[in-house]
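One-letter residues, chain by chain:
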Amino acid sequence: MSGSLRPGASGWRRAATVVLAAGWTRPSPAAPPLPPLPAGGFRLLLLQRCQAQGFLPGAYVFPGGVQDAADRSADWLRLFAPHHGPPRFGLRPARPPPRPFPGLPDADGAAATQPDDAAPAALPDDVAARVCAVREAFEEAGVLLLRPRGAPPAAPEPARALPPPPGLDAWRERVRRDPRLFLSLCEQLDCTPDIWALHDWGGWLTPFSRAGGRRFDTSFFMCCLSEPPPVRPDGSEVVRCQWSSPSEATESFMKKEIWLVPPQFYEIRRLANFTSLSDLHKFCLDGTSEGIEKWMPITFLTANAMVQLLPGDELYSEDSEYLENVMSSGEKIEDIMKESKTLHRLVLYSHHVFNIHVTIQSKHKHIYPKTYIISKSRL
Ligand SMILES: Nc1ncnc2c1ncn2[C@@H]1O[C@H](COP(=O)(O)O)[C@@H](OP(=O)(O)O)[C@H]1O
Ligand SMILES: CCC(=O)SCCNC(=O)CCNC(=O)[C@H](O)C(C)(C)COP(=O)(O)O
Ligand SMILES: [Mg+2]
């Protein structure tokens, strides 16, 4: 039996998610009818989680989920062979791992998660995480981020999803029930997961909110697609989808049409720095070459707002105490902000009113969002 990487004593689950950014230049059969974008623009795929979900019900997220033992199975080796194999499967050399938050069980914060079946790990962590993200995109959205075996790499062009072959719905149901069957589907299609189209982007560790709460150690990947693939929410875990540019998603969030949680809001604002898909793709190909950052926000409760502090902020403290604790103050956020200069934080006034303050330089040649403050009239 396959098994998700179940939480160990610490409760952490290893997860992976993929931000799909699709070019929107010319009419495409799969593109929903949406207003034109500025030349070269792109839209992101957002999926709404069903209200019955135990974690983030109703939120709009990128496709993703918990890693399964099947995602790192030795069986993938024969599918990737003879063109690709250990140690890097044709990927660039591994980036230095993210700096761990003190007190987390291992370098990437998820040593407590072990495969149920104790199978030997066959794929490197970052390859298994890509397989997981590709499988989740298929399960949740019906998007096949696959590449025919032996096909030359799409880079430097943005990738293309595989057009859905007949009978795919039945396969999706089977894979949802047993993630090991994703490999069988790939075999039948003579494809591999297009791990080369998924670029390291960053990662988020769920902040502490309450004792025993679910915590994810999530790797974020970016995938640039030349055009939007057809998307069909599974209707169970995911009930709706939408393609939105970063500015459309921000507007939609502020109008309360969609609800985003801080990591997704931050990533959408970060992506607002890119004016075209080709800029974003170029950045992915040569931008974040020096390392990956994985952040655990620290929750700071003030008299009138909840703040999510990020590394580099002057109030952020890399102290293991904050793995399972929040900070708090009886002061108003406006008074706290008057005293603060070195900022990397989200200020959450309500479910749909978030500000981002960034005055620090990005690390590893990555890019951070610009400070984003919504007008007082919306508060
Ligand atoms: N129809 C549904 N209603 C509520 N939760 C659902 C669901 N279908 C799937 N899920 C939940 O979605 C999670 C799987 O997400 P993913 O595959 O993206 O990791 C599982 O949560 P648990 O992790 O709590 O079991 C699963 O129970
Ligand atoms: C203030 C409250 C928060 O910020 S909660 C932050 C939640 N986000 C994360 O934990 C990191 C990113 N997580 C995700 O993208 C998804 O929630 C997921 C992929 C971990 C979801 O996994 P699931 O198995 O439930 O689909
Ligand atoms: Mg999911």
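Here's a quick rundown of the structure. (Residues numbered from 1 in each chain as written. Chains lettered and ligands numbered in written order. Predicted model: local features only at pLDDT ≥ 70, side-chain atom pairs only at ≥ 80, totals over all residues. Heavy atoms only, no water.)

Section: the packing of aromatic side chains
Move 1: Enumeration over the complete set of coordinates arrives at 20 aromatic pairs.
Move 2: Consider the rings of Trp-201 and Phe-283, whose centres lie 6.0 Å apart with planes at 70 degrees: the pair is edge-to-face. Here the residue Trp-201 occupies a position in strand E7 (residues 199–205), and Phe-283 occupies one in helix H7 (residues 277–286), the gap between them amounting to 82 residues. Here Trp-201 matches Phe-283 in class, with each residue buried.
Move 3: Here the aromatic cluster, defined as three or more aromatic residues joined through ring pairs, consists of Trp-76, Phe-80, Phe-89, Phe-138, Phe-182 and Trp-196.
Move 4: The aromatic ring of Trp-24 is capped on one face by Arg-43, whose charged end is 4.9 Å from the ring centroid. (Phe/Tyr/Trp six-rings, centres within 6.5 Å; stacked < 30°, edge-to-face > 60°. Helix = DSSP H or I, 4+ residues; strand = E, 2+ residues; numbered from the N terminus. Buried < 20%, exposed > 50% of the residue type's maximum accessible area, 1.4 Å probe, protein only. Lys NZ or Arg CZ within 6 Å of the ring centre and 35° of its normal.)

Observations regarding helix H6 (residues 262–271)
Move 1: Judged by how many residues are buried, H6 sits mostly within the fold: ten of ten residues are covered.
Move 2: For H6, the set of buried residues is Pro-262, Pro-263, Gln-264, Phe-265, Tyr-266, Glu-267, Ile-268, Arg-269, Arg-270 and Leu-271.

With respect to the nonpolar core
Move 1: Val-18, Leu-20, Trp-76, Leu-145, Phe-182 and Leu-198 are the most contacted members of the largest nonpolar core, which has 49 residues in total.
Move 2: Contributing elements (two or more residues each) for this core: strand E1 (12–23), strand E2 (42–49), helix H1 (76–80), helix H2 (125–141), helix H3 (168–177), helix H4 (181–189), strand E8 (215–225) and strand E9 (238–244).
Move 3: Considering each element in turn, this core owes the most residues, ten residues, to H2.
Move 4: The residues touching Trp-76, leaving out its near neighbours within four places in the chain, are Ala-70, Asp-71, Leu-123, Val-131, Phe-182, Leu-183, Cys-186 and Pro-193.
Move 5: In this structure, Ala-249, Phe-265, Leu-277 and Leu-348 belong to the second largest nonpolar core, which totals 37 residues. (Core = buried A, V, L, I, M, F, W, Y, C linked by side-chain atoms within 4.5 Å. Contact = heavy atoms within 4.5 Å.)

Describing the site of ligand 1
Move 1: Taken together, Arg-13, Cys-50, Ala-52, Gln-53, Gly-64, Gly-65, Val-66, Glu-136, Glu-140, Arg-214, Ser-236 and Glu-237 form the complete shell of residues around ligand 1.
Move 2: A distance of 2.9 Å separates an oxygen atom of ligand 1 from a polar backbone atom of Val-66.
Move 3: Residue Ser-236 places a side-chain N or O atom 2.9 Å away from a nitrogen atom belonging to ligand 1.
Move 4: The fraction of the free accessible surface of ligand 1 (570 Å²) that becomes covered by protein chains is 63%.
Move 5: Looking at the shell around ligand 1, the elements that each hand over two or more residues are strand E4 (64–66) and H2.
Move 6: Counting residues per element, the shell around ligand 1 draws most heavily on E4, which supplies three residues.
Move 7: Counted by class, the shell around ligand 1 contains three nonpolar, four polar and five charged residues. (Near = heavy atom within 4 Å. Polar contact = N/O pair within 3.5 Å; in protein donor to acceptor, adjacent residues only side chain to side chain. Areas by Shrake-Rupley, 256 points an atom, 1.4 Å probe, with all protein chains shown as cover. Nonpolar A, V, L, I, M, F, W, Y, C, P; charged D, E, K, R; others polar.)

Thoughts on the site of ligand 2
Move 1: Near ligand 2 you find 16 residues, and of these Arg-49, Phe-55, Thr-206, Pro-262 and Gln-264 are the closest.
Move 2: Here an oxygen atom of ligand 2 sits 3.4 Å away from a polar atom, N or O, in the main chain of Gly-64.
Move 3: Here an oxygen atom of ligand 2 and a side-chain polar atom of Thr-206 are 2.6 Å apart.
Move 4: Elements with a contribution of two residues or more to the shell around ligand 2: E4, E8 and H6.
Move 5: Looking at side-chain class alone, the shell around ligand 2 contains eight nonpolar, six polar and two charged residues.

Considerations on H2
Move 1: End to end, H2 covers 24 Å across 17 residues, agreeing with the expected 24 Å (1.5 Å per residue, within 8%).
Move 2: Burial within H2 is extensive, with 16 of its 17 residues counted as buried.
Move 3: Phi for Gly-142, located one or two positions after H2, is positive at around 70 degrees. (Expected span 1.5 Å × (residues − 1).)

Focus on the coordination of the magnesium ion (ligand 3)
Move 1: Coordination sphere of the magnesium ion (ligand 3), protein contribution only: Gly-64 (O), Glu-140 (OE) and Glu-237 (OE), at 2.1 to 2.6 Å.
Move 2: For Gly-64, a relative accessible area of 11% gives the class buried. (Donors = N, O, S within 2.8 Å, 3.2 Å for Na, K, Ca; no water.)

Things to note about the pairing of E1
Move 1: With twelve of twelve residues buried, E1 lies mostly within the body of the structure.
Move 2: Of the two faces of E1, the one holding Trp-12, Arg-14, Ala-16, Val-18, Leu-20 and Ala-22 and the one holding Arg-13, Ala-15, Thr-17, Val-19, Ala-21 and Gly-23 are both buried throughout.
Move 3: Note that E1 and E8 share eleven bridges and pair parallel. Within E8, the residue paired with Val-19 across the bridge is Met-222.
Move 4: In terms of strand pairing, E1 meets E4 through three bridges, oriented antiparallel. Across the sheet, the residue bridging to Thr-17 is Gly-64, located in E4.
Move 5: Examined bridge by bridge, E1 and E2 share three bridges and lie antiparallel to one another. Counted as the bridge partner of Ala-21 is Leu-44 from E2. (Pairing = 2+ DSSP bridges.)

Describing the side chain of Asn-355
Move 1: Mapped onto the elements of the fold, Asn-355 is located in strand E15 (residues 353–358).
Move 2: What makes Asn-355 buried here is its relative accessible area of 4%.
Move 3: Not counting residues within four places of it along the chain, the set of residues in contact with Asn-355 comprises Arg-345, Leu-346, Val-347, Tyr-349, Tyr-372, Ile-373 and Ile-374.

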